[in-house]
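Summary of structural features
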Protein chains: 2
Amino acid sequence: VVVGAGFGGMSVAQTLRKAPVDVLVLDRNNYNGFWPLLYQVATGIVETQEIAYPVRSLLRKQKNVDFRLANVRAVDFDAKRVMTDSEAIEYDYLVLAGGSATNYFGNDGLAAHTFGLKDVEEADRLRNHILSAVEAAARTDDWNERRSLLTFVIVGGGPTGVELAGQLSMLLHRTMPREFPNLDLGVARVILVNASAGVLESFPANLQAYARRRLDRLGVELRLDQSVTEVEHGVVRLGDGSTLEATTVVWAAGVRACDLAGTIGVSVGRAGRVEVTPTLTLPDRDDVYAIGDMAYLEGFKGGAYPMVAQVAMQQGRVAAKNIVAHLQGRRAKTFSYFDKGQMAVIGRRAAVMDAFGLRLRGVTAWLGWMGLHILYLHGFRNRLIVMLDWLLAYASRTRSAGIITRPEAQTHVERLQTSRQDRAA
Amino acid sequence: VVVGAGFGGMSVAQTLRKAPVDVLVLDRNNYNGFWPLLYQVATGIVETQEIAYPVRSLLRKQKNVDFRLANVRAVDFDAKRVMTDSEAIEYDYLVLAGGSATNYFGNDGLAAHTFGLKDVEEADRLRNHILSAVEAAARTDDWNERRSLLTFVIVGGGPTGVELAGQLSMLLHRTMPREFPNLDLGVARVILVNASAGVLESFPANLQAYARRRLDRLGVELRLDQSVTEVEHGVVRLGDGSTLEATTVVWAAGVRACDLAGTIGVSVGRAGRVEVTPTLTLPDRDDVYAIGDMAYLEGFKGGAYPMVAQVAMQQGRVAAKNIVAHLQGRRAKTFSYFDKGQMAVIGRRAAVMDAFGLRLRGVTAWLGWMGLHILYLHGFRNRLIVMLDWLLAYASRTRSAGIITRPEAQTHVERLQTSRQDRAA
């Protein structure tokens, strides 16, 4: 039984393709999402269906695997069963690959009043909210209200925050003015808040500096060495006591292991990740593996392996092979990581890449980023349409996903406006 | 001021392109939808964004027009103002083109327990519900429960009901078995209920007979001369007292004018449509026009003009020209309808067409249907992707929109199952 159909879980299932086992994949969503492009869903460049692929379609040609749409709530290790919302499922071997969730560090107010960007539903909700806020700005005569509707605060200076900030600024200042000729989008602000002194801090210093210059050129305001302490009713309170009025606040400041990691009664490391042995099993169970974002294993630059797709995929392969080895009485392999590097894109024709021994920036890195992301997408249709959408977005300033599909987004924006007015009165 | 950005409203705005007027288009959605393909959204063939186009993008090149996302609640004809949720907007001329809504004939229970198919949000909710029901069927061991989850009742034998029934049957019996190898989809039923003795009754008798044969071949069960009196907790009660257990019930049995038609204090005809003069104004107001689905005007085969896109578009052009004529002191033109005919598709390589003096069926009609629908779509991207999706759907049995994007759909299906179990116990 494999819990989770993300990068890690799918890697396990596919590595077991020819193994003498029956694989059952469980996930609370029926799709495998390509998270690196979520920020493009949020900004309307691509559609949700283009970056998510049904698990059943991915596994269609594999005979020894089945899928069940189910939310796993608990595990009974002694009885060798996982408990979903509706049933108990027995396993011989279990792989926990539940992934991660947004980390609000225990601040419930942040969770309630900000947007996350961890799955396609969150990205689509954010997209609907952004479009609704700009439409509301086009409707109002009140200057303060308009300014608050057009202020977008993004918390977190990692790749997610930087990529979203760059793209959102392009959307507001490059794409939308054509569609809102009577709205002064010059007052629109994108503010990127980060708790530390830089952005993209896992990158080399010269690429960090390049990213800052590009963000600056795109009109993104940086608030560094700054934390967000409270978000409520459209007001963001920063660590230094100052406030920002913003109808849109995106929380991209941290990830933690999924809830399941905390409910199964095993010891966890930083960010709530389940501690595993170098062969990726739980310390005292050789029939239970944990991999990817939800697993904690040290061995990377003096710390734990990062919560990225490459680690999950490589761990998935090792876990699958170790299950077969265990079945055949062979010795388990320990996990060793081949670091392919990292990349992030900052708007149009600009990206940073620190991979394969190369440190690139600018157009070359941007083209490399596009090529690799197309390669990692599932399916011919999705690749073709994403390429088409990129061409439209970059060459003709057209967004592909510009319609508001969730009417509740409009209601939400109106409620924020009302509570802002109440506060002012 | 034009209320509504559907086929009619857009036709008014675009006809006024070079007129010496300022046009303000109001709609509660920010897009113009291509409703004839909603059933393809519901069955996952195309994505929502492909059949809806942002109003602002459509009007981008037109200088004398602006758009506002607003829900019109009332009209003060004497003060010449429309009231939206948030403001009052003055007009010199007003065109009411608010379209239509699903007609439940006053039965609130039907509204609460069935799915409509009148806009992209409803279609997307239905798509999510269908996918969630089949996933739940794959999860359960209870034969009765599985049968209820795999029973789909569609009420209404017009083009919407017929097209949805045919496509849904193909989805269940042709596409999904590849993705659900361990689920016996042979037990899945699509049941089309219609109050009268046939289907597609606006078509000639031989095309009606052809449609019935095709539906039969696709495995769609027809329940004719039969009404639906109640739908609750997954049970459909028919006029003859018999019941069907079905987790999915789609109401495609009637349309009426939009709510606005009933709230502005003018006299209405059948289906709540606003009565207009042959020049498309309200009887006593030469500055207020009503067109399309929400307008009632007799003159078509002894009755009122039908609630179809062609009427709305042609009326939009006449209303726009009459406004210019009124401004210039010229006499208004009366509306005369050029009937281009009608068509409906029933599954793969099968359609009926009664247009341009031709009565076609089969592959020819199907190709004609595809060509015309591609032509009427907005934008190069949408045309290209819809063609690609059709190719995938018909040639390789692949759906493009197979992911469940609304988790609430799963909860809804589970709630129906629980209430079914409670009733059984």
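For the structure itself, consult the block above.
The structure displayed is predicted, hence computed values, not measured ones.

The next subject is the overall build of chain A. From N to C terminus, chain A includes 13 helices and 27 strands. Expected size for 425 residues packed as a compact globule is a radius of gyration near 22 Å; at 22 Å, chain A falls within 12% of this value. Along the three orthogonal principal directions, the C-alpha set of chain A runs to about 75 × 45 × 40 Å. Of all intrachain contacts in chain A linking residues separated by at least 6 positions in sequence, the fraction that spans at least 24 positions is 65%. Seen as two clouds, the 49 positive and the 44 negative side-chain charges of chain A have centres 9 Å apart.

Bringing the sheet that holds strand S9 (residues 94-96) of chain B into the picture now. Neighbouring strands of a sheet are bound in pairs by backbone hydrogen bonds; such pairs are parallel or else antiparallel. Residue and element names in this part refer to chain B. Across the sheet, which stays open at both edges, the 6 strands sit in the order S5-S2-S1-S9-S21-S20 with mixed pairing between neighbours. At either margin of the open sheet sits one strand with a lone partner, and together these are strand S5 (65-69) and strand S20 (281-282). Judged from the 3 bridges that link them, S9 and strand S21 (residues 285-290) form a sheet pairing that is parallel. Within S21, the residue paired with leucine 94 across the bridge is valine 288.

Here chain A sits on chain B after a turn of 180° about the axis and a move of 0.0 Å along it, with an RMSD of 0.0 Å. The two molecules are tied by a two-fold rotation axis, judged by turn and shift. Within chain A, the C-alpha atom positioned nearest to the axis of rotation is that of A:Ile385, 3.7 Å from it. In this assembly the copies share their binding face: 98% of the residues contributing to the interface of chain A also contribute to that of chain B.

All names here are of chain A. With antiparallel pairing, the 3 strands of this open sheet are ordered in space as S14-S15-S16. The sheet is open, and its two borders are formed by strand S14 (228-232) and strand S16 (243-245), each paired with just one other strand. Between one strand axis and the next, the sheet turns through 15° on average, direction left out of account. Across 4 bridges, the pairing between S14 and strand S15 (residues 235-238) is antiparallel. When the bridges of S15 are listed, glutamate 230 appears paired with arginine 237.

Take the interface of chain A and chain B next. The partner chain B presents 47 residues to the 48 residues of chain A that form the contact. Interface area, chain A with chain B, both sides summed: about 4,400 Å², of which 48% is carbon and sulfur. At the junction of chain A and chain B, the tally comes to 10 salt bridges. Here B:Glu47 makes a salt bridge to A:Arg381, at a shortest N to O gap of 2.8 Å. Of all the secondary-structure elements, those providing two or more residues to the side of chain A that touches chain B are strand S4 (52-54), helix H3 (55-58), strand S5 (65-69), helix H5 (120-139), helix H7 (159-179), helix H12 (380-396) and helix H13 (407-424) of chain A. A total of 7 residues in the side of chain A that touches chain B trace back to one element, the largest contributor, which is H12(A). Residues of the side of chain A that touches chain B, tallied by class, amount to 19 nonpolar, 11 polar and 18 charged.

Below, the discussion takes up a nonpolar patch on the surface. The grouping of A:Phe380, A:Leu384 and A:Met387 at the surface amounts to a nonpolar patch, some 310 Å² of accessible area in total. Position of A:Met387 relative to the elements: it lies in helix H12.

Before going further, it helps to examine unusual backbone geometry. Positive phi, normally seen in glycine, also occurs at A:Ala271, with a value near 60°. For A:Ala271, the position within the fold is in the loop between helix H9 (260-263) and strand S19 (274-275). Backbone geometry at B:Phe105 places phi at a positive 50°, although glycine is not the residue there. Here B:Phe105 lies in the loop between strand S10 (100-102) and helix H4 (108-113).

Ranked by size, the top nonpolar core spans 133 residues in total, and within it A:Leu94, A:Leu96 and B:Trp390 carry the most contacts. Counting residues per element, this core draws most heavily on helix H5 (residues 120-139) of chain B, which supplies 9 residues. Counting residues in hydrophobic clusters, the runner-up holds 132 residues, among them A:Val190, A:Val199, A:Met313 and B:Ala19.

Attention shifts here to empty space enclosed by the protein. Applying the stated criterion across every chain yields a total of 8 cavities of 30 Å³ or more. Roughly 210 Å³ of volume is contained in the largest cavity. As for the largest cavity, its lining consists of 20 residues, of which A:Thr48, A:Asp124, A:Thr405, B:Thr48 and B:Asp124 are closest to the centre. Those elements giving two or more residues to the lining of the largest cavity turn out to be H5 of chain A together with H5 of chain B. For the lining of the largest cavity, a count of residues per class yields 6 nonpolar, 6 polar and 8 charged.

A separate point is helix H7 (residues 159-179) of chain B. Residue and element names in this part refer to chain B. Spanning 21 residues, H7 covers 29 Å between terminal C-alpha atoms, matching the ideal 30 Å at 1.5 Å per step. Along H7, the sharpest change in direction is near 35° and occurs at leucine 171. Across the 21 residues of H7, 16 count as buried, placing the element largely inside the fold.

A separate point is the environment of B:Val155. Residues and elements named next belong to chain B. As for its placement among the helices and strands, valine 155 is situated in strand S11 (residues 151-155). Along the sequence, valine 155 and methionine 370 sit 215 residues apart, while their C-alpha atoms lie 25 Å from each other. Look past the residues within four positions of valine 155 in its chain and what remains in contact with it is Val193, Val228, Val249, Val250, Trp251, Ala252 and Ala253.

So, about the pattern of salt bridges. Residue and element names in this part refer to chain A. Applying the stated criterion across every chain, the model contains 42 salt bridges over all chains. As a salt-bridge pair, glutamate 230 and arginine 237 come within 3.6 Å of each other at their nearest N and O atoms. For glutamate 230, a relative accessible area of 35% puts it in the partly exposed group. Take arginine 237: its relative accessible area is 37%, and that puts it in the partly exposed class.

Scanning all chains against the criterion turns up 18 aromatic pairs over all chains. A centroid spacing of 5.7 Å and a plane angle of 80° characterise the contact between B:Tyr305 and B:Tyr337, whose relative ring orientation is edge-to-face. Separated by 32 residues along the polypeptide, B:Tyr305 in the loop between strand S24 (303-304) and helix H10 (309-327) and B:Tyr337 in the loop between H10 and strand S25 (342-345) bring together distant segments of the chain. For B:Tyr305, a relative accessible area of 7% puts it in the buried group. Pairwise contacts between aromatic rings join A:Phe300, A:Tyr305, A:Phe335 and A:Tyr337 into one cluster.

Turning our eyes to something else, we now look at helix H11 (residues 363-376) of chain A. All names here are of chain A. Taking 1.5 Å of rise per residue, 14 residues should cover 20 Å, and H11 covers 20 Å from first to last C-alpha, within 8% of that figure. The complete set of buried residues in H11 reads Ala365, Trp366, Trp369, Met370, His373 and Ile374. One face of H11 carries all of its buried residues, which in axial projection span an arc of 165°. For H11, exposure combined with an orientation more than 90 degrees from the buried face picks out Thr364 and Leu375. Buried-residue contacts for H11 involve helix H2 (38-42), H7, strand S25 (342-345), strand S26 (351-355), strand S27 (358-361) and H12.

What follows deals with the side chain of A:Thr405. Secondary-structure assignment places A:Thr405 in the loop between H12 and H13. A:Thr405 gets classed as buried once you look at its relative accessible area, which sits at 10%. Side-chain polar atoms of A:Thr405 contact the side chain of A:Arg127, separated by 3.4 Å. Once residues lying within four places of it in the same chain are set aside, the contact partners of A:Thr405 are A:Asp124, A:Arg127, A:Asn128, B:Thr48, B:Gln49, B:Glu121 and B:Arg406.

Bringing the pairing of strand S15 (residues 235-238) of chain B into the picture now. Residue and element names in this part refer to chain B. Counted along the chain from strand S14 (residues 228-232) to the antiparallel partner S15, the turn is 2 residues long, and its residue histidine 233 has a positive phi close to 45°. The pairing of S15 with strand S16 (residues 243-245) spans 3 bridges and is classified as antiparallel. Among the inter-strand pairings, valine 236 is bridged to a residue of S16, identified as leucine 244. Count of turn residues in the S15/S16 antiparallel hairpin: 4 residues, of which glycine 241 carries a positive phi of about 90°.

How each quantity is defined
- Residues numbered from 1 in each chain as written.
- Chains lettered and ligands numbered in written order.
- Predicted model: local features only at pLDDT ≥ 70, side-chain atom pairs only at ≥ 80, totals over all residues.
- Heavy atoms only, no water.
- Helix = DSSP H or I, 4+ residues; strand = E, 2+ residues; numbered from the N terminus.
- Rg over C-alpha atoms; globule rule 2.2 N^0.38 Å.
- Contact = heavy atoms within 4.5 Å.
- Lys, Arg positive; Asp, Glu negative; His and termini not counted.
- Charge placed at Lys NZ, Arg CZ, Asp CG, Glu CD.
- Pairing = 2+ DSSP bridges.
- Least-squares fit on C-alpha atoms with pLDDT ≥ 70 in both.
- Axes fitted to C-alpha atoms, helices over the stretch in contact; angles between N-to-C directions.
- Buried area = accessible area lost by both parts, 1.4 Å probe.
- Salt bridge = Lys/Arg side-chain N within 4 Å of Asp/Glu carboxyl O.
- Nonpolar A, V, L, I, M, F, W, Y, C, P; charged D, E, K, R; others polar.
- Patch = residues over 30% accessible without salt bridge, like charges linked within 9 Å, V, L, I, M, F, W, Y side chains within 5 Å.
- Areas by Shrake-Rupley, 256 points an atom, 1.4 Å probe, with all protein chains shown as cover.
- Core = buried A, V, L, I, M, F, W, Y, C linked by side-chain atoms within 4.5 Å.
- Buried < 20%, exposed > 50% of the residue type's maximum accessible area, 1.4 Å probe, protein only.
- 1 Å grid on protein atoms, 1.4 Å probe; cavity = no way out; pocket = protein on both sides within 12 Å on 5 of 7 lines; lining within 4 Å.
- Points joined across faces, edges and corners; volume = space filled by probe spheres on them.
- Expected span 1.5 Å × (residues − 1).
- Bend = angle between axes of the 7 residues up to and from the residue.
- Phe/Tyr/Trp six-rings, centres within 6.5 Å; stacked < 30°, edge-to-face > 60°.
- Arc of directions from axis to C-beta.
- Polar contact = N/O pair within 3.5 Å; in protein donor to acceptor, adjacent residues only side chain to side chain.

That is the geometry; function is a separate question.
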